[in-house]
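Observations on the three-dimensional arrangement
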Amino acid sequence: MMVRRWARLAVLCAGRIATAAPLLAQSPTSLLDADPLAADSLRRVLARAEAAAVPLEPLTLKVREGLAKQAPPLRIVDATARLAERLRLARTALAPTTGTDEIAAGADALYVGVQPLLLQDLRRRFPARSLTIPLGVLTQLVASGVSASRAGALVRELLDRGASAPQLIALSTEVQRDVGAGLSPSVAIALRSGGLLSTLPAASANSGGGVLPGGVTTGGGRPPTPRP
Amino acid sequence: MPLHRWGRLAHRGFAALLLGAPLAARAQTAPVVSVVELASSAIAPSRAQTIAGLAAALRASQDRRDWQWSSHLGVGAGGGRGAATAAGASLTLSPMRWPSLALALDGEGAAFANVVETAGSTARVGARGFWRLGAVTIVPSVSAATTRRSEISPRSARVADVAVQWQTGDWRLTGFAARHATTDWPLIEASGFLLTRSASAYALRDHGAGIEWGTSSRRVGLTWSRRTGLNATSGRDASWLLSAEWPLTRRVSAVVVAGDVLADPLRSTVAGQLVSLGLRAVVGGGVPRPRRGAIATMRLVERGGVVTAELLSDGPLDEPAEWTSSHVDWVPQPFQWERGRWVARVPLPSGRHRLAVRRPGGPWESPAGAPAASDDFGGSAALIVVP
């Protein structure tokens, strides 16, 4: 039974690579049709996610990633279920935003160890601003070795002071480069953030909205996507 | 050639190692690092003459919240039948408030003695600025020099130069022009300088260009320069200089400088061929730590508003690497074989992406050079954010 399941999955993967375009249009569950048990489990995971208003696109992508990496079907289901849970937590923390990119960015941040409370705090401070890029940068910083609390406090301060998306990304890139060159993450983040913060204006009273004096909207990134 | 000048030749070669390299390096961003350098130089003004010397240097930098500084101290001793010692020091201050600006103060001094003829010293102090405008760095410099010799009264000279550096990827192109001038400097006698008139002044104009390839741990550069002007050097008026730094271990690298040097009235040296071999050891932080076993390295390059992930893999020809990413729905894509290595250039749209690489049949892993996280399937993926 196990041999047959693997053989069918291998054929499925080979066929998918050869004919990727039509396959990409398939539903996530049909991607696992070669394994009825896994497909059934995945169907239940997706149903629960849909009931919780969790965006399904990241889950579909996770299934495709698992298939491309030739992971066992049940492991793909397990990874998808855990991602669905992170998406649910991120959606709750970032409410009322329902944009897929923003929620997926929040789920990634949770995956590397950021606490949901920090996501809530960022949403409360910046209700009208897309947090997709800031959360992506936060995830990068934590993945680079910066503590989640330090990285979270820094991103919050940078947003308060009107840092743009390119500035945030440049900061993360420089920290990563320094860490790669041998600096400890804490030294790298202190060095690079000091340089960036010194170029930014002090936090303004209305910085919570991500707007600089003069009404210039800062931070870049795409605005929250309204839920259809 | 007068004996007293032999010893002074040696520290000419030290200058490139002791002062030039650290300042050039500062034009990029210096990490916190302490470096000890040890170099031996030999200069041959002619086939029959060779002067050897030894130099040691200590370099350190430190970062504060508002300032970054780096310092450099070097000493050298040269020997022939005369003897010389040389010392150089530099201090670079970079205000964090203006990340594109840095200011370097540097100086060097030399003392020389010869039991037969003379003794004396030279000294130089100067300032250098680094003004970064995107990929271009402008480096203006001014300095003043003085010399004391037992047989003449003290003399002084002025030096001003400007260099423009353009950096793209691992390559750096440099063009420079310099002017040395004095009104009262006596020509040194019977060496490499042209004595067409009994002027007591000189005005030299140097210009040249260089190209350098370098990563965080290795560097190769070639510089061409030409000297013209009143009482300029005779015989040789153009020079090529090759410099290289190559890692031997994670903390020790070899430094080589070789080529022609022109006569230098500032230091009373004549033209010749220079060879300098040195070891550079990092004793503090700042040592690159390439991840062992990384399948590929990645860096993001922006050209014309398009961000591209450039992946390089040093695997053999019969082991083509593959990459995959969330933005291509995780469909594996091949690297291309270019100039002896596997290369992939992946244009990335705006947004968040995850990217992984692998060898045939191997696990998917994140490339070195990017933050990475586990992928839930036993491997890892690079986390990329594109504005």
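Remember, predicted model here, so these are calculated numbers, not experimental data.

Turning our eyes to something else, we now look at the overall build of chain A. Along its length, chain A carries 12 helices and two strands. Long-range pairs, those at least 24 residues apart, make up 68% of the contacts in chain A between residues at least 6 apart in sequence.

Residue and element names in this part refer to chain A. Residues of helix H8 (residues 116-125) that are buried include every one of Leu118, Leu119 and Leu122, and no others. For H8, the angular spread of the buried residues around the axis is 100 degrees, confining them to a single face. Opposite the packed face of H8, turned more than 90 degrees from it, sit the exposed residues Leu117 and Arg124. Turning to H8, the residues buried within the fold contact helix H6 (73-94), helix H7 (100-111) and helix H10 (148-160).

Moving on: the sheet that holds strand S17 (residues 322-325) of chain B. Residue and element names in this part refer to chain B. The antiparallel open sheet is built from five strands, whose spatial order is S18-S17-S21-S23-S22. Two strands in the sheet have a free side with no partner beyond their single neighbour: strand S18 (333-334) and strand S22 (372-374). Relative to strand S23 (residues 380-386), strand S21 (residues 351-358) is paired through five bridges, and the arrangement is antiparallel. Each residue of the ladder has a partner; that of Arg352, found in S23, is Val385.

Let's shift gears to the environment of Val328 of chain B. Residues and elements named next belong to chain B. Examined against the element boundaries, Val328 turns out to sit in the loop between S17 and S18. Using a count of 16 C-beta atoms within 10 Å as the deciding quantity, one classes Val328 as partly exposed. When the C-alpha positions of Val328 and His353 are compared, they lie 9.7 Å apart, and in sequence the two are 25 residues distant.

This paragraph deals with the nonpolar core. Of all hydrophobic cores here, the largest spans 81 residues; its most connected members are Leu138 of chain A together with Leu311 and Ala382 of chain B. With eight residues, the single largest contributor to this core is H6 of chain A. By size, the runner-up hydrophobic cluster in this structure holds eight residues, among which are Ala39, Ala55, Val261 and Leu262 of chain B.

Here we come to the sheet that holds strand S15 (residues 297-303) of chain B. Hydrogen bonds between backbone groups are what pair the strands of a sheet, and the pairing can be parallel or antiparallel. Residues and elements named next belong to chain B. Strand order in the open sheet formed by four strands is S15-S16-S20-S19, and the pairing between neighbours is antiparallel. Taken across any chain shown, the strands that pair with only one partner, and hence form the sheet edges, are S15 and strand S19 (336-338). In this sheet, neighbouring strand axes are inclined to one another by 35 degrees on average, regardless of whether the strands run parallel or antiparallel. Two elements, strand S16 (residues 306-313) and strand S20 (residues 341-348), share seven bridges in a ladder whose sense is antiparallel. Bridging from a neighbouring strand, Thr308 pairs with Pro347 of S20.

With that settled, the discussion passes to the environment of Ala53 of chain A. Following the sequence through the fold, Ala53 of chain A ends up in the loop between helix H4 (36-51) and helix H5 (57-68). Ala53 of chain A gets classed as partly exposed once you count the C-beta atoms within 10 Å, which come to 14.

Looking at chain A as a whole, its pLDDT mean stands at 76, while 74% of the residues score no less than 70. The model gives residues 1-25 of chain A a pLDDT under 50, and that stretch makes 14 contacts with residues more than four places away or in other chains.

This part covers helix H9 (residues 132-143) of chain A. Residues and elements named next belong to chain A. Given a rise of 1.5 Å per residue, 12 residues ought to cover 16 Å, and the 16 Å separating the end C-alpha atoms of H9 matches this to within 8%. Burial analysis of H9 places 12 of its 12 residues in the buried class, which makes it a mostly covered element. Burial in H9 covers these residues: Thr132, Ile133, Pro134, Leu135, Gly136, Val137, Leu138, Thr139, Gln140, Leu141, Val142 and Ala143. Immediately downstream of H9, the backbone of Gly145 shows phi near 115 degrees, a positive value.

The next point concerns the pairing of S17 of chain B. Residue and element names in this part refer to chain B. Burial along S17 is two-sided: the residues Glu322 and Thr324 and Trp323 and Ser325 are all buried. Across two bridges, S17 lies against S18 in antiparallel orientation. Bridged to Trp323 within S18 is Gln333.

Quick look at unusual backbone geometry now. Here the bond from Ala95 of chain A into Pro96 of chain A is cis, since omega is 10 degrees, no more than 30 degrees from zero. Of note in this structure, Ala53 of chain A is not a glycine but carries a positive phi near 60 degrees. In this model, Asp376 of chain B sits at a positive phi of 75 degrees, which is unusual for a non-glycine residue. One can find Asp376 of chain B in the loop between S22 and S23.

Next up on the list: the packing of H6 of chain A against H7 of chain A. The relative placement of two packed helices is expressed as an angle between their axes plus a distance between the axes. Residue and element names in this part refer to chain A. The contact between H6 and H7 brings their axes to 8 Å, and the two run at 115 degrees. Taken together, the axis directions place H6 and H7 in an arrangement best described as roughly perpendicular. H7 is crossed by H6, and the crossing has right-handed handedness. Residues Leu83, Arg86, Leu87, Leu89, Ala90, Arg91, Ala93 and Leu94 of H6 touch H7, and the partners they reach there are Glu102, Ile103, Ala104, Gly106, Ala107, Leu110 and Tyr111. Residue composition of the contact of H6 with H7, by class: 11 nonpolar, one polar and three charged.

A low pLDDT score tells you not to read the predicted coordinates there in detail. All names here are of chain B. On average, residues of chain B carry a pLDDT of 70, and 58% of them reach 70 or more. Of the regions scoring below 50 in pLDDT, residues 285-291 engages in 22 contacts with residues more than four places distant in sequence or in other chains. Both scores are available for the predicted complex, with the pTM at 0.50 and the ipTM at 0.76.

Residue and element names in this part refer to chain A. For the pair H7 and H9, interaxial distance at closest approach is 8 Å and the crossing angle is 15 degrees. Taken as axis vectors, H7 and H9 run roughly parallel relative to one another. Our pair here, H7 against H9, has a crossing hand that is left-handed. Note on element contacts: H9 touches H7 through Thr132, Leu135, Gly136, Leu138 and Thr139, opposite Asp101, Glu102, Ala105, Gly106, Asp108 and Ala109. When the residues that make up the contact of H7 with H9 are grouped by side-chain class, the tally is four nonpolar, four polar and three charged.

For the rest of this paragraph, the subject is the environment of Thr199 of chain A. Residue and element names in this part refer to chain A. Within the secondary structure layout, Thr199 lies in the loop between helix H12 (185-197) and strand S1 (211-212). Judged by local crowding, Thr199 falls into the partly exposed class, with 13 C-beta atoms found within 10 Å. In this structure, the C-alpha to C-alpha distance between Thr199 and Ala163, residues 36 residues apart in sequence, is 9.5 Å.

Rules of the game
- Within every chain, residues take consecutive numbers counted from 1 along the sequence as written.
- Each chain gets a letter, beginning with A, and each ligand a number, beginning with 1, in the order they are written.
- Reporting in this predicted model follows two pLDDT cut-offs: at least 70 for local features of residues, and 80 or more for side-chain atom pairs to be given and counted; totals over whole chains, interfaces and linings ignore these cut-offs and use all residues.
- Where helices and strands are cited, they refer to DSSP runs of H or I of at least four residues and of E of at least two residues respectively, numbered from the N terminus.
- This entry defines residue contacts through backbone-placed C-beta atoms, with two residues in contact when those atoms are within 7 Å.
- Counting other C-beta atoms within 10 Å of a residue's C-beta gives its exposure: the residue is buried at 20 or more, exposed at 12 or fewer, and partly exposed in between, where C-beta atoms are placed from the backbone.
- In this description, one arc is meant: the one made by directions from the helix axis to the C-beta atoms.
- Only when DSSP finds a minimum of two bridges between them are two strands counted as paired.
- Definition of nonpolar core: a set of buried Ala, Val, Leu, Ile, Met, Phe, Trp, Tyr and Cys residues joined via C-beta atoms within 7 Å.
- To obtain an axis, a line is fitted to C-alpha atoms, over the contacting stretch when the element is a helix, and the angle between two such axes runs from 0 to 180 degrees between their N-to-C directions.
- The predictor reports its confidence for every residue as pLDDT, a score running from 0 up to 100.
- In this scheme, a helix's expected span is set at 1.5 Å multiplied by one less than its residue total.
- Roughly parallel refers to an angle under 35 degrees, roughly antiparallel to one over 145, roughly perpendicular to one between 65 and 115, and oblique to any angle outside these ranges.
- Crossing handedness is read from the near helix: turned anticlockwise from the far helix by less than a right angle, it gives a left-handed crossing, and turned clockwise, a right-handed one.
- Think of it as three bins: nonpolar holds Ala, Val, Leu, Ile, Met, Phe, Trp, Tyr, Cys and Pro, charged holds Asp, Glu, Lys and Arg, and polar takes everything else, Gly as well.

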